[in-house]
Amino acid sequence: MSTDASVPVRALAAAAPVRLESVEVRYIALTLVRPFETSFGRMDARVIPLVRMVADGVEGWGEIVADDLPLFSADTIAGAQHVLAEAFIPALLGRPLSSVQDVAAALRRFKGHAMAKAGLELAFMDLAARTRGVSISEAIGGTRARVPVGVSLGIEKDVPTLVEQVLRHVAQGYQRIKLKIKPGWDVDVVRTVREAYPTGLLSVDANTAYTLADADHLRALDAFDLLMIEQPLQHDDLVDHAALQKLLRTDICLDESIVHARAAAHALALGSCRLVNIKIGRVGGYTEALGIHDTCQAHGAPVWCGGMLECGIGRAHNLALASLPNFSLPGDISASKRYWTRDVTTPFEVAADGTVGVPTGPGIGVAIDMDFIDDITTARHEYR
Ligand code: OSB
Ligand code: MG
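First, a word on what this report is: a plain description of the structure on this page. (Residues numbered from 1 in each chain as written. Chains lettered and ligands numbered in written order. Predicted model: local features only at pLDDT ≥ 70, side-chain atom pairs only at ≥ 80, totals over all residues. Heavy atoms only, no water.)

1. Digging into the pattern of salt bridges
Going through the model one piece at a time under the given rule, you end up with 21 salt bridges. Arg191 is paired through a salt bridge with Asp188; the nearest N and O atoms lie 2.9 Å apart. Here Arg191 pairs with Asp188, and both are found in helix H6 (residues 187-196), just three residues apart, close to one helical turn. Residue Asp255 pairs with Arg282 through a salt bridge whose shortest N-O separation is 2.6 Å. (Salt bridge = Lys/Arg side-chain N within 4 Å of Asp/Glu carboxyl O. Helix = DSSP H or I, 4+ residues; strand = E, 2+ residues; numbered from the N terminus.)

Okay, structure coming up:
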(Lines give C-alpha, C1' and ligand atoms only; values in the text may rest on other atoms or scores of the structure.)
(Ligands and ions follow the chains in the order given, each with its own letter.)
Protein backbone atom coordinates (compact mmCIF):
# COMPACT_ATOMS: atom_id res chain seq x y z
CA MET A 1 0.00 0.00 0.00
CA SER A 2 1.15 3.53 -0.78
CA THR A 3 2.52 5.34 2.24
CA ASP A 4 2.87 8.73 0.56
CA ALA A 5 -0.53 10.40 0.79
CA SER A 6 0.45 13.47 -1.20
CA VAL A 7 1.76 12.09 -4.51
CA PRO A 8 -0.53 9.43 -5.95
CA VAL A 9 0.83 7.61 -9.00
CA ARG A 10 -1.69 8.29 -11.70
CA ALA A 11 -1.83 8.30 -15.45
CA LEU A 12 -5.24 9.04 -16.82
CA ALA A 13 -3.67 9.42 -20.25
CA ALA A 14 -3.96 7.29 -23.37
CA ALA A 15 -0.81 5.84 -24.94
CA ALA A 16 -1.05 8.57 -27.60
CA PRO A 17 -3.53 11.41 -28.21
CA VAL A 18 -6.91 9.98 -29.23
CA ARG A 19 -9.28 11.22 -31.91
CA LEU A 20 -12.65 9.62 -31.33
CA GLU A 21 -14.11 7.96 -34.41
CA SER A 22 -17.53 7.43 -32.90
CA VAL A 23 -19.45 7.80 -29.69
CA GLU A 24 -22.50 5.59 -29.29
CA VAL A 25 -25.19 6.10 -26.65
CA ARG A 26 -27.25 2.97 -26.27
CA TYR A 27 -30.17 2.40 -23.90
CA ILE A 28 -30.59 -0.98 -22.25
CA ALA A 29 -33.48 -2.13 -20.06
CA LEU A 30 -32.86 -4.31 -16.99
CA THR A 31 -35.30 -5.43 -14.29
CA LEU A 32 -34.13 -5.57 -10.67
CA VAL A 33 -34.40 -8.97 -8.97
CA ARG A 34 -36.18 -7.18 -6.12
CA PRO A 35 -37.75 -3.70 -6.06
CA PHE A 36 -35.57 -1.14 -4.26
CA GLU A 37 -37.32 1.50 -2.16
CA THR A 38 -35.73 4.62 -0.68
CA SER A 39 -37.11 7.77 0.94
CA PHE A 40 -37.46 9.28 -2.56
CA GLY A 41 -39.20 6.42 -4.33
CA ARG A 42 -39.37 2.84 -5.46
CA MET A 43 -37.42 1.35 -8.35
CA ASP A 44 -38.34 -1.88 -10.14
CA ALA A 45 -36.17 -1.59 -13.22
CA ARG A 46 -33.57 0.63 -14.82
CA VAL A 47 -33.14 2.01 -18.29
CA ILE A 48 -29.38 2.40 -18.47
CA PRO A 49 -27.70 4.65 -21.03
CA LEU A 50 -24.35 3.12 -21.95
CA VAL A 51 -21.60 5.07 -23.72
CA ARG A 52 -19.27 3.32 -26.17
CA MET A 53 -16.35 5.23 -27.68
CA VAL A 54 -14.16 3.94 -30.49
CA ALA A 55 -10.74 5.16 -31.66
CA ASP A 56 -8.14 3.27 -33.71
CA GLY A 57 -9.95 -0.01 -33.25
CA VAL A 58 -10.00 0.31 -29.45
CA GLU A 59 -13.29 0.74 -27.58
CA GLY A 60 -14.21 2.14 -24.19
CA TRP A 61 -17.40 1.71 -22.17
CA GLY A 62 -19.13 3.92 -19.63
CA GLU A 63 -22.48 3.90 -17.81
CA ILE A 64 -24.80 6.81 -17.06
CA VAL A 65 -26.48 6.39 -13.67
CA ALA A 66 -29.26 8.97 -14.16
CA ASP A 67 -32.85 7.96 -13.52
CA ASP A 68 -36.03 8.90 -15.44
CA LEU A 69 -37.00 11.53 -12.87
CA PRO A 70 -34.83 14.01 -10.93
CA LEU A 71 -35.33 12.37 -7.53
CA PHE A 72 -31.79 11.54 -6.41
CA SER A 73 -30.30 14.60 -8.13
CA ALA A 74 -31.35 17.02 -10.89
CA ASP A 75 -29.90 14.63 -13.53
CA THR A 76 -32.36 12.75 -15.76
CA ILE A 77 -31.95 10.35 -18.66
CA ALA A 78 -33.78 12.70 -21.05
CA GLY A 79 -31.61 15.60 -19.93
CA ALA A 80 -28.48 13.52 -20.42
CA GLN A 81 -29.58 12.54 -23.93
CA HIS A 82 -30.15 16.19 -24.80
CA VAL A 83 -26.83 17.54 -23.52
CA LEU A 84 -24.83 14.62 -24.88
CA ALA A 85 -26.24 15.13 -28.39
CA GLU A 86 -26.28 18.92 -28.43
CA ALA A 87 -23.20 19.86 -26.44
CA PHE A 88 -21.00 17.24 -24.81
CA ILE A 89 -20.29 14.79 -27.63
CA PRO A 90 -19.78 17.57 -30.24
CA ALA A 91 -17.26 19.13 -27.82
CA LEU A 92 -15.21 15.90 -27.86
CA LEU A 93 -15.42 14.82 -31.51
CA GLY A 94 -12.66 16.06 -33.81
CA ARG A 95 -10.24 17.23 -31.16
CA PRO A 96 -7.24 15.31 -29.83
CA LEU A 97 -7.81 13.99 -26.31
CA SER A 98 -4.72 12.89 -24.41
CA SER A 99 -6.25 12.12 -21.06
CA VAL A 100 -9.43 11.96 -18.99
CA GLN A 101 -8.55 15.45 -17.76
CA ASP A 102 -8.79 16.67 -21.37
CA VAL A 103 -12.34 15.27 -21.49
CA ALA A 104 -13.17 17.06 -18.23
CA ALA A 105 -11.64 20.30 -19.55
CA ALA A 106 -13.66 20.14 -22.79
CA LEU A 107 -16.89 19.81 -20.78
CA ARG A 108 -16.07 22.18 -17.91
CA ARG A 109 -17.91 25.23 -19.28
CA PHE A 110 -21.19 23.29 -19.27
CA LYS A 111 -23.05 23.47 -15.97
CA GLY A 112 -24.49 20.43 -14.22
CA HIS A 113 -25.36 17.11 -15.88
CA ALA A 114 -22.63 15.36 -13.90
CA MET A 115 -23.96 11.89 -14.72
CA ALA A 116 -23.80 12.50 -18.49
CA LYS A 117 -20.27 13.91 -18.13
CA ALA A 118 -19.30 10.89 -16.06
CA GLY A 119 -20.54 8.51 -18.77
CA LEU A 120 -18.07 10.13 -21.16
CA GLU A 121 -15.17 10.20 -18.67
CA LEU A 122 -15.76 6.55 -17.84
CA ALA A 123 -15.80 5.46 -21.48
CA PHE A 124 -12.66 7.48 -22.18
CA MET A 125 -10.90 6.09 -19.09
CA ASP A 126 -11.66 2.55 -20.27
CA LEU A 127 -10.42 3.34 -23.77
CA ALA A 128 -7.28 5.13 -22.50
CA ALA A 129 -6.33 2.27 -20.16
CA ARG A 130 -6.89 -0.27 -22.96
CA THR A 131 -4.57 1.66 -25.31
CA ARG A 132 -1.89 1.24 -22.64
CA GLY A 133 -2.75 -2.38 -21.90
CA VAL A 134 -3.36 -1.72 -18.20
CA SER A 135 -6.40 -2.03 -15.95
CA ILE A 136 -8.09 1.17 -14.79
CA SER A 137 -7.14 0.30 -11.22
CA GLU A 138 -3.48 0.19 -12.24
CA ALA A 139 -3.82 3.40 -14.28
CA ILE A 140 -5.26 5.41 -11.38
CA GLY A 141 -2.87 4.09 -8.74
CA GLY A 142 -5.10 1.52 -7.06
CA THR A 143 -3.43 -0.41 -4.25
CA ARG A 144 -5.95 -3.18 -3.46
CA ALA A 145 -6.58 -6.42 -5.36
CA ARG A 146 -9.86 -6.97 -3.50
CA VAL A 147 -12.16 -4.41 -1.93
CA PRO A 148 -14.41 -4.80 1.12
CA VAL A 149 -18.10 -4.50 0.30
CA GLY A 150 -21.46 -4.01 1.97
CA VAL A 151 -25.04 -4.11 0.80
CA SER A 152 -27.69 -1.39 0.73
CA LEU A 153 -31.14 -2.71 1.69
CA GLY A 154 -34.30 -0.85 0.72
CA ILE A 155 -37.42 -0.11 2.69
CA GLU A 156 -39.58 -3.25 2.93
CA LYS A 157 -43.28 -3.91 3.46
CA ASP A 158 -42.61 -4.86 7.09
CA VAL A 159 -39.75 -5.22 9.56
CA PRO A 160 -39.57 -9.06 9.61
CA THR A 161 -39.01 -9.01 5.82
CA LEU A 162 -36.15 -6.55 6.29
CA VAL A 163 -34.59 -8.60 9.09
CA GLU A 164 -34.72 -11.65 6.82
CA GLN A 165 -32.92 -9.66 4.10
CA VAL A 166 -30.30 -8.48 6.61
CA LEU A 167 -29.54 -12.00 7.83
CA ARG A 168 -29.45 -13.42 4.31
CA HIS A 169 -26.83 -10.88 3.24
CA VAL A 170 -24.79 -11.23 6.42
CA ALA A 171 -24.66 -14.97 5.69
CA GLN A 172 -23.31 -14.19 2.22
CA GLY A 173 -20.34 -12.41 3.79
CA TYR A 174 -21.23 -8.73 3.31
CA GLN A 175 -19.08 -6.72 5.72
CA ARG A 176 -21.59 -3.92 6.28
CA ILE A 177 -25.35 -3.60 6.11
CA LYS A 178 -26.92 -0.28 5.14
CA LEU A 179 -30.60 0.37 5.78
CA LYS A 180 -32.64 2.96 3.94
CA ILE A 181 -34.59 5.12 6.40
CA LYS A 182 -37.30 7.78 6.21
CA PRO A 183 -39.70 9.35 8.72
CA GLY A 184 -41.90 6.49 9.95
CA TRP A 185 -39.27 3.85 9.01
CA ASP A 186 -36.30 4.68 11.18
CA VAL A 187 -35.59 4.37 14.94
CA ASP A 188 -37.86 1.40 15.68
CA VAL A 189 -36.75 -0.42 12.52
CA VAL A 190 -33.07 0.11 13.32
CA ARG A 191 -33.60 -1.07 16.91
CA THR A 192 -35.15 -4.35 15.71
CA VAL A 193 -32.43 -4.92 13.11
CA ARG A 194 -29.76 -4.19 15.74
CA GLU A 195 -31.23 -6.85 18.02
CA ALA A 196 -31.00 -9.41 15.20
CA TYR A 197 -27.54 -8.22 14.07
CA PRO A 198 -25.92 -7.00 17.29
CA THR A 199 -22.24 -6.53 16.48
CA GLY A 200 -21.67 -6.12 12.73
CA LEU A 201 -21.15 -2.87 10.84
CA LEU A 202 -24.53 -1.19 10.37
CA SER A 203 -25.36 2.15 8.79
CA VAL A 204 -28.43 4.07 7.64
CA ASP A 205 -29.12 6.29 4.62
CA ALA A 206 -31.93 8.88 4.68
CA ASN A 207 -31.45 10.32 1.16
CA THR A 208 -32.30 13.85 2.39
CA ALA A 209 -35.56 12.89 4.14
CA TYR A 210 -35.14 14.98 7.34
CA THR A 211 -34.70 18.57 8.49
CA LEU A 212 -32.74 20.03 11.39
CA ALA A 213 -36.03 20.13 13.32
CA ASP A 214 -35.75 16.30 13.46
CA ALA A 215 -32.41 16.46 15.35
CA ASP A 216 -33.84 15.13 18.63
CA HIS A 217 -35.47 12.22 16.83
CA LEU A 218 -32.27 11.42 14.90
CA ARG A 219 -30.29 11.48 18.17
CA ALA A 220 -32.12 8.31 19.16
CA LEU A 221 -30.04 6.56 16.47
CA ASP A 222 -26.91 7.23 18.55
CA ALA A 223 -27.96 4.29 20.75
CA PHE A 224 -27.30 1.71 18.02
CA ASP A 225 -23.56 2.14 17.45
CA LEU A 226 -24.03 2.89 13.75
CA LEU A 227 -21.05 3.23 11.44
CA MET A 228 -22.68 6.34 9.97
CA ILE A 229 -25.87 8.13 9.07
CA GLU A 230 -25.79 9.02 5.40
CA GLN A 231 -27.27 12.24 3.97
CA PRO A 232 -29.92 13.00 6.61
CA LEU A 233 -30.67 16.57 5.40
CA GLN A 234 -31.09 18.48 2.13
CA HIS A 235 -28.61 17.94 -0.67
CA ASP A 236 -27.63 21.62 -0.80
CA ASP A 237 -27.32 22.30 2.92
CA LEU A 238 -23.83 21.94 4.40
CA VAL A 239 -24.62 24.42 7.18
CA ASP A 240 -27.50 22.49 8.76
CA HIS A 241 -25.49 19.27 8.42
CA ALA A 242 -22.70 20.94 10.43
CA ALA A 243 -25.23 21.88 13.12
CA LEU A 244 -26.62 18.34 13.16
CA GLN A 245 -23.17 16.71 13.32
CA LYS A 246 -22.47 18.69 16.52
CA LEU A 247 -25.60 17.15 18.08
CA LEU A 248 -24.89 13.55 17.01
CA ARG A 249 -22.33 11.08 18.27
CA THR A 250 -22.84 9.03 15.09
CA ASP A 251 -20.68 10.13 12.15
CA ILE A 252 -22.54 11.85 9.32
CA CYS A 253 -21.54 10.72 5.83
CA LEU A 254 -22.53 12.92 2.89
CA ASP A 255 -23.58 11.54 -0.49
CA GLU A 256 -25.89 13.88 -2.46
CA SER A 257 -24.13 17.00 -1.07
CA ILE A 258 -20.66 16.11 -2.32
CA VAL A 259 -20.88 17.16 -5.95
CA HIS A 260 -17.20 17.99 -6.44
CA ALA A 261 -13.88 18.21 -4.59
CA ARG A 262 -14.56 21.77 -3.44
CA ALA A 263 -17.82 20.68 -1.81
CA ALA A 264 -15.87 17.94 0.02
CA ALA A 265 -13.34 20.52 1.24
CA HIS A 266 -16.15 22.83 2.40
CA ALA A 267 -18.03 20.02 4.16
CA LEU A 268 -14.94 18.88 6.04
CA ALA A 269 -13.94 22.45 6.96
CA LEU A 270 -17.45 23.21 8.23
CA GLY A 271 -17.75 19.90 10.11
CA SER A 272 -20.82 18.91 8.05
CA CYS A 273 -19.65 15.28 7.96
CA ARG A 274 -16.80 13.03 9.05
CA LEU A 275 -17.07 10.55 6.16
CA VAL A 276 -17.70 10.86 2.43
CA ASN A 277 -19.42 8.58 -0.07
CA ILE A 278 -17.91 8.93 -3.55
CA LYS A 279 -19.98 8.03 -6.61
CA ILE A 280 -18.24 8.58 -9.93
CA GLY A 281 -21.57 9.39 -11.61
CA ARG A 282 -22.74 11.94 -9.06
CA VAL A 283 -19.47 13.91 -9.27
CA GLY A 284 -19.06 13.87 -13.06
CA GLY A 285 -16.32 11.27 -13.50
CA TYR A 286 -12.84 10.20 -12.47
CA THR A 287 -11.33 13.68 -12.38
CA GLU A 288 -13.54 14.90 -9.52
CA ALA A 289 -13.76 11.48 -7.86
CA LEU A 290 -9.96 11.39 -7.53
CA GLY A 291 -9.96 14.99 -6.33
CA ILE A 292 -12.49 14.13 -3.61
CA HIS A 293 -10.46 11.06 -2.64
CA ASP A 294 -7.33 13.20 -2.22
CA THR A 295 -9.11 16.06 -0.45
CA CYS A 296 -10.60 13.66 2.08
CA GLN A 297 -7.30 11.85 2.54
CA ALA A 298 -5.57 15.16 3.28
CA HIS A 299 -8.24 15.89 5.92
CA GLY A 300 -7.92 12.40 7.44
CA ALA A 301 -11.52 11.57 6.44
CA PRO A 302 -12.15 8.03 5.15
CA VAL A 303 -14.17 7.57 1.96
CA TRP A 304 -16.11 4.68 0.50
CA CYS A 305 -17.57 3.93 -2.90
CA GLY A 306 -21.31 4.42 -3.26
CA GLY A 307 -23.50 2.72 -5.84
CA MET A 308 -26.42 3.61 -8.10
CA LEU A 309 -27.65 0.07 -8.88
CA GLU A 310 -25.18 -0.16 -11.73
CA CYS A 311 -24.91 -2.91 -14.30
CA GLY A 312 -21.55 -4.65 -14.68
CA ILE A 313 -20.00 -1.79 -16.63
CA GLY A 314 -20.55 0.80 -13.90
CA ARG A 315 -19.67 -1.78 -11.25
CA ALA A 316 -16.31 -2.49 -12.90
CA HIS A 317 -15.51 1.24 -12.81
CA ASN A 318 -16.60 1.42 -9.15
CA LEU A 319 -14.27 -1.44 -8.25
CA ALA A 320 -11.34 0.26 -9.97
CA LEU A 321 -12.04 3.47 -8.05
CA ALA A 322 -12.49 1.63 -4.75
CA SER A 323 -9.02 0.08 -5.11
CA LEU A 324 -7.49 3.46 -4.16
CA PRO A 325 -5.89 3.63 -0.71
CA ASN A 326 -8.30 5.97 1.12
CA PHE A 327 -11.35 3.80 0.29
CA SER A 328 -11.07 2.25 3.72
CA LEU A 329 -14.74 1.49 4.44
CA PRO A 330 -16.84 -1.18 2.66
CA GLY A 331 -18.46 0.10 -0.55
CA ASP A 332 -22.01 -0.33 -1.91
CA ILE A 333 -20.54 -2.67 -4.52
CA SER A 334 -22.63 -5.79 -4.21
CA ALA A 335 -22.67 -8.97 -6.29
CA SER A 336 -24.28 -8.83 -9.74
CA LYS A 337 -26.96 -11.27 -8.54
CA ARG A 338 -28.09 -8.84 -5.83
CA TYR A 339 -29.35 -6.60 -8.66
CA TRP A 340 -29.84 -8.65 -11.85
CA THR A 341 -30.62 -12.22 -12.88
CA ARG A 342 -28.17 -11.74 -15.74
CA ASP A 343 -25.50 -9.01 -15.90
CA VAL A 344 -24.04 -7.42 -19.04
CA THR A 345 -20.49 -8.40 -18.05
CA THR A 346 -18.85 -11.37 -16.41
CA PRO A 347 -20.85 -11.38 -13.16
CA PHE A 348 -19.26 -9.96 -10.01
CA GLU A 349 -19.26 -12.19 -6.98
CA VAL A 350 -18.80 -11.51 -3.29
CA ALA A 351 -16.43 -13.94 -1.56
CA ALA A 352 -17.21 -15.41 1.86
CA ASP A 353 -14.89 -12.79 3.42
CA GLY A 354 -17.06 -9.97 2.04
CA THR A 355 -14.70 -8.77 -0.67
CA VAL A 356 -14.94 -8.44 -4.44
CA GLY A 357 -11.92 -8.81 -6.72
CA VAL A 358 -10.81 -5.75 -8.67
CA PRO A 359 -10.71 -6.61 -12.39
CA THR A 360 -7.18 -6.98 -13.70
CA GLY A 361 -7.70 -7.12 -17.48
CA PRO A 362 -7.09 -4.05 -19.68
CA GLY A 363 -9.51 -1.15 -19.09
CA ILE A 364 -12.60 -2.11 -17.09
CA GLY A 365 -11.04 -5.54 -17.12
CA VAL A 366 -14.11 -7.74 -17.56
CA ALA A 367 -15.72 -9.35 -20.60
CA ILE A 368 -18.77 -7.58 -22.03
CA ASP A 369 -21.69 -9.80 -23.05
CA MET A 370 -22.45 -8.11 -26.38
CA ASP A 371 -25.16 -10.59 -27.39
CA PHE A 372 -27.07 -9.88 -24.19
CA ILE A 373 -26.56 -6.13 -24.54
CA ASP A 374 -27.96 -6.29 -28.09
CA ASP A 375 -30.96 -8.28 -26.82
CA ILE A 376 -31.91 -5.68 -24.21
CA THR A 377 -31.11 -2.56 -26.24
CA THR A 378 -34.17 -0.33 -26.69
CA ALA A 379 -32.56 2.57 -28.60
CA ARG A 380 -29.20 3.55 -30.04
CA HIS A 381 -27.71 6.84 -31.22
CA GLU A 382 -24.34 7.09 -32.91
CA TYR A 383 -22.33 10.29 -33.27
CA ARG A 384 -19.32 10.75 -35.53
O1 OSB B 1 -28.20 6.87 -1.83
O2 OSB B 1 -26.69 5.43 -1.96
C3 OSB B 1 -27.76 5.86 -2.36
C4 OSB B 1 -29.25 3.51 -4.99
C5 OSB B 1 -29.83 4.43 -5.85
C6 OSB B 1 -29.76 5.76 -5.55
C7 OSB B 1 -29.12 6.20 -4.39
C8 OSB B 1 -28.52 5.29 -3.53
C9 OSB B 1 -28.63 3.92 -3.83
C10 OSB B 1 -28.12 2.86 -2.96
C11 OSB B 1 -27.82 1.52 -3.59
O12 OSB B 1 -28.01 2.97 -1.76
C13 OSB B 1 -26.35 1.30 -3.77
C14 OSB B 1 -26.07 0.11 -4.68
O15 OSB B 1 -26.10 -1.01 -4.19
O16 OSB B 1 -25.80 0.32 -5.88
MG1 MG C 1 -26.79 7.46 -0.35
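Past the structure itself, the notes keep going.
2. Brief notes about the coordination of the magnesium ion (ligand 2)
For the magnesium ion (ligand 2), the protein coordination sphere consists of Asp205 (OD), Glu230 (OE) and Asp255 (OD), at 2.1 to 2.3 Å. Judged by relative accessible area, which is 1%, Asp205 ranks as buried. Judged by relative accessible area, Glu230 falls into the buried class, the value being 0%. (Donors = N, O, S within 2.8 Å, 3.2 Å for Na, K, Ca; no water. Buried < 20%, exposed > 50% of the residue type's maximum accessible area, 1.4 Å probe, protein only.)

3. Looking at the packing of helix H1 (residues 77-92) against helix H3 (residues 114-132)
The contact between H1 and H3 brings their axes to 10 Å, and the two run at 45°. Compared by their axis directions, H1 and H3 come out oblique. Two packed elements cross with a definite hand, and for H1 against H3 that hand is right-handed. On the side of H1, the interface is formed by Ala80, Val83, Leu84, Phe88, Ile89 and Leu92, while H3 contributes Ala116, Lys117 and Leu120. Residues of the contact of H1 with H3, tallied by class, amount to eight nonpolar, no polar and one charged. (Axes fitted to C-alpha atoms, helices over the stretch in contact; angles between N-to-C directions. Parallel < 35°, antiparallel > 145°, perpendicular 65-115°, else oblique. Left-handed = near helix turned anticlockwise from the far one by under 90°. Contact = heavy atoms within 4.5 Å. Nonpolar A, V, L, I, M, F, W, Y, C, P; charged D, E, K, R; others polar.)

4. Points about the site of ligand 1
The full set close to ligand 1 counts 17 residues, and Ser152, Asp205, Asn207, Leu309 and Tyr339 are the nearest of them. The contact in question runs from an oxygen atom of ligand 1 to an N or O atom on the side chain of Asn207, over 2.7 Å. In this structure, Met308 approaches ligand 1 through a main-chain N or O atom, which is 3.3 Å from an oxygen atom. Protein contact buries 99% of the 390 Å² of open area that ligand 1 shows by itself. (Near = heavy atom within 4 Å. Polar contact = N/O pair within 3.5 Å; in protein donor to acceptor, adjacent residues only side chain to side chain. Areas by Shrake-Rupley, 256 points an atom, 1.4 Å probe, with all protein chains shown as cover.)

5. Considering the sheet that holds strand S2 (residues 22-38)
Strands sit in the order S4-S3-S2-S15 across an open sheet of four strands; the sheet is antiparallel. This sheet does not close on itself; its edge strands, each paired only once, are strand S4 (58-63) and strand S15 (377-383). With strand direction ignored, the average angle separating the axes of adjacent strands in the sheet is 25°. Across six bridges, S2 lies against S15 in antiparallel orientation. Residue pairing for S15: Tyr27 is matched across the bridge by Ala379. Where H1 meets the sheet, it contacts S2, strand S3 (41-55) and S15, and its direction lies at approximately 150° from that of S2. (Pairing = 2+ DSSP bridges.)

6. What about helix H5 (residues 159-171)?
The terminal C-alpha atoms of H5 lie 18 Å apart, and with 13 residues this matches the ideal 18 Å at 1.5 Å per residue to within 8%. Along H5, the positions that sit buried rather than exposed are Thr161, Leu162, Val163, Gln165, Val166 and His169. Tucked into the core, H5 has its buried residues touching S2, strand S7 (151-153), strand S8 (176-180), H6 and helix H13 (336-339). Positioned one or two residues after H5, Gly173 has a phi angle of 105°, which is positive. (Expected span 1.5 Å × (residues − 1).)

7. Details of unusual backbone geometry
For Thr208, which is not glycine, the phi dihedral falls at a positive 70°. With respect to the helices, strands and loops of the structure, Thr208 is situated in the loop between strand S9 (201-205) and helix H7 (215-219).

8. With respect to the packing of helix H9 (residues 261-270) against helix H11 (residues 286-298)
Relative orientation of the contacting elements H9 and H11 amounts to 25°, with a least axis distance of 8 Å. Classified by the angle between their axes, H9 and H11 sit roughly parallel to one another. Of the two possible hands of crossing, H9 and H11 adopt the one that is right-handed. Facing H9, whose interface residues are Ala261, Ala264, Ala265 and Leu268, H11 presents Glu288, Gly291, Ile292, Thr295 and Cys296. Considered class by class, the residues forming the contact of H9 with H11 number six nonpolar, two polar and one charged.

Distances and angles like these do not, on their own, reveal function.
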